[in-house]
Amino acid sequence: MARYAMSIDLNRCIGCQACVVACKAENEVPLGNFRLRMRETVVGKFPNLQGEFRLEQCFHCENAPCVPVCPTGATYKTKDGIVLVDPAKCIGCKACVTACPYKMRFVHPAGHIDKCTFCDHRVAEGMEPACVETCPSEARAFGDLDKADSPVRLAMAKAQCTDVLKPETGAHPKLFYLNSRFTNGDTENQPVVVISEQVKKGE
Amino acid sequence: MIEITGVGEELVRTWGWEVAIYLFLGGLVAGLMIFSGVFRLLQPGRFPRLLFMADLSGFPLLSFGMLFLLIDLSNKVNMWRLYTTFQISSPMSWGAWILLVTMAILALRFVGLIPAPRSFSVGGLHFFAPPPVQEEPADEQAEVKAPPKPSPLVRFGEKGWGLLHKLAVWAGRFDRLLAIVGMITGTAVGFYTGILLSTIPARPLWNTAVLAPLFLTSGLASSGAYLCLFLPENEHKRLAPLSILFCGIELLLILAYAINLGYGTLAAQRSGAILFSGIYGWAFWGLVVLLGLIVPAVLEQLEMLHHQVKFIPARVPPVLKLLGGFTLRIVIVYAGLLSFI
């Protein structure tokens, strides 16, 4: 029994979004939907600018708020700590979408709820999730949190600082941000521009 | 500046007006069940019109509300899954089962209104027609003509009505029991409409214990207003003190809600600002509090003191209260979806 987790070293991430594309291709995520999203933060005044790319996806929380609210048991946690949705059981009531503090779930065009699965089908075969494998700057690491020599634990041990998003929710997310300048910092309340809105309109 | 690529947070589809309609109708029917239960047990025979309207409206109104729940589901083909499991931690699972019991009770009450079968004709079809009188054949040798066989539609109609009437007679034997169970399940439905929202910590506007009693009280006020629309003046006047009392309790709960949000965490304060200011603020203070609670309560109080405002018809306060009750659900659902930790 493992406790799978992921880390993203934000000092290494170059914002190429290869992980977003790899996820879409690997999981056949339908057009207009994404399981991963990138938050690009730029602060300061030219020429003194600081920036950061933060990739967000399902955080596979230890204390996942989406699991207990599901009325049919369609959202569940595997024994390895991966939070999954069973489309055959999902009625699309959107209780889990509403309950997710990170807004990382969406309605699949087929009707059920969809989100990142940590590529459980690949993990079951002993492979890494598609986003981890494809990352050209090796910013991502994946593995068992309970094993000291797993890639995720090694990456966390090397990092200057480790953050999780919105720790105050008590959800205990298992996606860790390493060496972040802004996560949980003052930039959280900055104005947000949603680029995908333009994509949806076909611009 | 922050830019987001991918599935934008603002584009995530969640709940909307469909759920708000259900929450309103659920609360309304909950109130009808509680009212009819209380009057059946405490003052039997005193409010016949009230009981008739409650029995007549409960089943169709809740069915209509549940239809909107069905519309909201994005994977409707799997809806039956709700009734193959019971998830103890899921308020929605509790709600699904409570609704099932409630619908059964409301259906029995609705069927109870069906009168005993009697003869009538529709479109040339004669239902429950008396058997034809056999004439004495003139010739002893002549064959006795068998009466014409009724059409399958007539037989189906007669059998269906007969069965429903038998069910109504059977249910009538448990009138008091149905009243007690109806009050319990009605309270559960009214409370549940608030619990559904308040058990979601990711939405600080909803995540408060005040919401369940607020929705239950609002449901009672709305159902009182709904019944007043159909009651004769003498019954209406007897209900008015109760109606004013529920308006008062609802105002107190709204005050507690506002204090709770105002003195809460930063997330709660931000959420409170969404509800109490801007477009939602206008709807909340204007339509819910002023027009939906204070104005009708004052008008009803004047009516009780025999100072009825001449140019305002008696049906205006109940309509305002119903409008306020519905707006309360709409603004809380939509403002809550904008609130975040």
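Counting restarts for each chain: residues are numbered from 1 in the order of the written sequence. Each chain takes a letter, starting from A, and each ligand takes a number, starting from 1, following the order in which they are written. Since the coordinates come from a predicted model, pLDDT governs what is reported: local features require at least 70, and pairs of side-chain atoms require 80 or more to be given and counted, while whole-chain, interface and lining totals use all residues.

Counting from the N terminus, the helices are DSSP H or I runs at least four residues long and the strands are E runs at least two residues long. Scanning chain A from N- to C-terminus turns up seven helices and eleven strands. Buried positions account for 43% of the 203 residues belonging to chain A. The exposure scheme places C-beta atoms from the backbone and then counts, for each residue, the other C-beta atoms within 10 Å of its own, assigning buried at 20 or more, exposed at 12 or fewer, and partly exposed in between.

Another point: the overall build of chain B. Along its length, chain B carries ten helices and three strands. Each helix (α) and strand (β) of chain B, taken in turn from the N terminus, gives the series β-α-α-α-β-β-α-α-α-α-α-α-α. The atom set for the radius of gyration is the C-alpha atoms, and the globule formula is 2.2 Å times the number of residues raised to the power 0.38. Taken over C-alpha atoms, the radius of gyration comes to 26 Å for chain B, far larger than the 20 Å a tight globule of 341 residues would show. Considering only C-alpha atoms, chain B reaches an extent of 105 × 60 × 35 Å along its principal axes. Relative to its 341 residues, chain B shows a buried fraction of 41%. In this description, any two residues whose backbone-derived C-beta atoms lie within 7 Å of each other are considered to be in contact. In chain B, once contacts between residues fewer than 6 apart in sequence are set aside, the share between residues at least 24 apart is 77%.

A word on helix H8 (residues 266–276) of chain B. Residues and elements named next belong to chain B. Among the residues making up H8, those that are buried are Ala267, Ser271, Gly272, Ile274 and Leu275. The buried side chains of H8 occupy one side of the element, clustering within an arc of 155 degrees when seen end-on. The inward-facing, buried residues of H8 contact helix H7 (233–262), helix H9 (278–304) and helix H10 (316–338). Two residues or fewer past H8, Gly278 is found with a positive phi of approximately 70 degrees. What the arc measures is the spread of directions leading from the helix axis to the C-beta atoms.

Before going further, it helps to examine the pairing of strand S8 (residues 140–144) of chain A. All names here are of chain A. The buried fraction of S8 is high, at four of five residues. Note on pairing: DSSP must find at least two bridges between two strands before they are called paired. Pairing of strand S1 (residues 4–9) with S8 involves five bridges; the strand directions are antiparallel. Looking at the pairing, Ile8 lines up with Arg140 of S8.

Now for the sheet that holds strand S9 (residues 162–163) of chain A. Residues and elements named next belong to chain A. Strand order in the open sheet formed by four strands is S8-S1-S10-S9, and the pairing between neighbours is mixed. A strand with exactly one partner marks an edge of an open sheet, and here the two such strands are S8 and S9. Note: S9 against strand S10 (residues 175–178), two bridges, orientation antiparallel. Residue pairing in the sheet places Asp163 in a bridge with Tyr177 of S10. Note on definitions: angles span 0 to 180 degrees between N-to-C directions of axes, and those axes are lines fitted to C-alpha atoms, for helices only across the stretch in contact. Seen against the sheet, helix H6 (residues 151–158) touches S1, S8, S9 and S10 and runs at an angle of roughly 125 degrees to S8.

Let us look at the packing of H7(B) against H9(B). Residues and elements named next belong to chain B. In the contact formed by H7 and H9, the axes pass within 9 Å of each other and the chain directions differ by 145 degrees. Once H7 is placed against H9, the crossing between them reads as left-handed. Where H7 abuts H9, its residues Lys237, Ala240, Ser243, Ile244, Cys247, Glu250, Leu251 and Ile254 lie against Val289, Leu293, Pro296, Ala297, Glu300, Gln301, Glu303 and Met304. Crossings are assigned a handedness: left-handed for a near helix turned anticlockwise from the far helix by less than a right angle, right-handed for a clockwise turn.

It is worth spelling out unusual backbone geometry at this point. All names here are of chain A. Despite not being glycine, Gln17 has its phi angle at roughly 65 degrees, a positive value. With respect to the secondary-structure elements, Gln17 resides in the loop between S1 and helix H1 (18–27). By C-beta crowding, Gln17 is classed as partly exposed, having 18 other C-beta atoms within 10 Å.

It is worth spelling out the nonpolar core at this point. Only buried Ala, Val, Leu, Ile, Met, Phe, Trp, Tyr and Cys residues enter a nonpolar core, and they are joined through C-beta atoms within 7 Å. Residues A:Met6, A:Cys66, A:Cys96 and B:Val331 are the most contacted members of the largest nonpolar core, which totals 130 residues. When residues of this core are assigned to their parent elements, the largest contribution, 14 residues, is made by helix H1 (residues 17–42) of chain B. Setting aside anything within four residues of it in sequence, one finds A:Cys96 in contact with A:Cys66, A:Val69, A:Cys70, A:Thr75, A:Arg105 and A:Ile113.

For residues with low pLDDT, the predicted coordinates do not support detailed interpretation. Considering every residue of chain B, the mean pLDDT works out to 88; 90% of them sit at 70 or more. With pTM at 0.88, the complex prediction returns an ipTM value of 0.86. The predictor attaches a confidence to each residue, called pLDDT, with possible values from 0 through 100.

With that out of the way, let us pick up the confidence of the model for chain A. On average, residues of chain A score 89 in pLDDT, and 90% of them are at 70 or above. The low-confidence segment residues 191–203 of chain A (pLDDT under 50) makes 22 contacts with residues lying over four places distant or belonging to another chain.

Mapped onto the elements of the fold, B:Phe64 is located in helix H2 (residues 48–72). When the C-alpha positions of B:Phe64 and B:Gly26 are compared, they lie 9.6 Å apart, and in sequence the two are 38 residues distant.

A separate point is the pairing of strand S2 (residues 37–45) of chain A. Residue and element names in this part refer to chain A. With nine bridges joining them, S2 and strand S3 (residues 48–56) adopt antiparallel strand pairing. Bridge pairing in S3 links Val42 to Gly51. The hairpin formed by S2 and S3 contains two residues between the paired strands.

Moving on: the packing of H2(B) against helix H3 (residues 91–111) of chain B. Two packed helices can be described by the angle between their axes and the distance between those axes. All names here are of chain B. Where H2 meets H3, the axes come as close as 8 Å, and the angle between the chain directions of the two elements is 145 degrees. Considering how the two elements wind past one another, H2 and H3 form a crossing that is left-handed. Here Asp55, Gly58, Phe59, Leu62 and Met66 of H2 lie close against H3, whose contacting residues are Leu99, Thr102, Met103, Leu106, Ala107, Arg109 and Phe110.

In this section: the environment of A:His112. With respect to the helices, strands and loops of the structure, A:His112 is situated in the loop between strand S6 (106–107) and strand S7 (113–114). Judged by the 19 C-beta atoms lying within 10 Å of it, A:His112 is partly exposed. Beyond its immediate stretch of four places on either side in the chain, A:His112 contacts A:Val85, A:Pro87, A:Cys90, A:Gly92 and B:Asn75.

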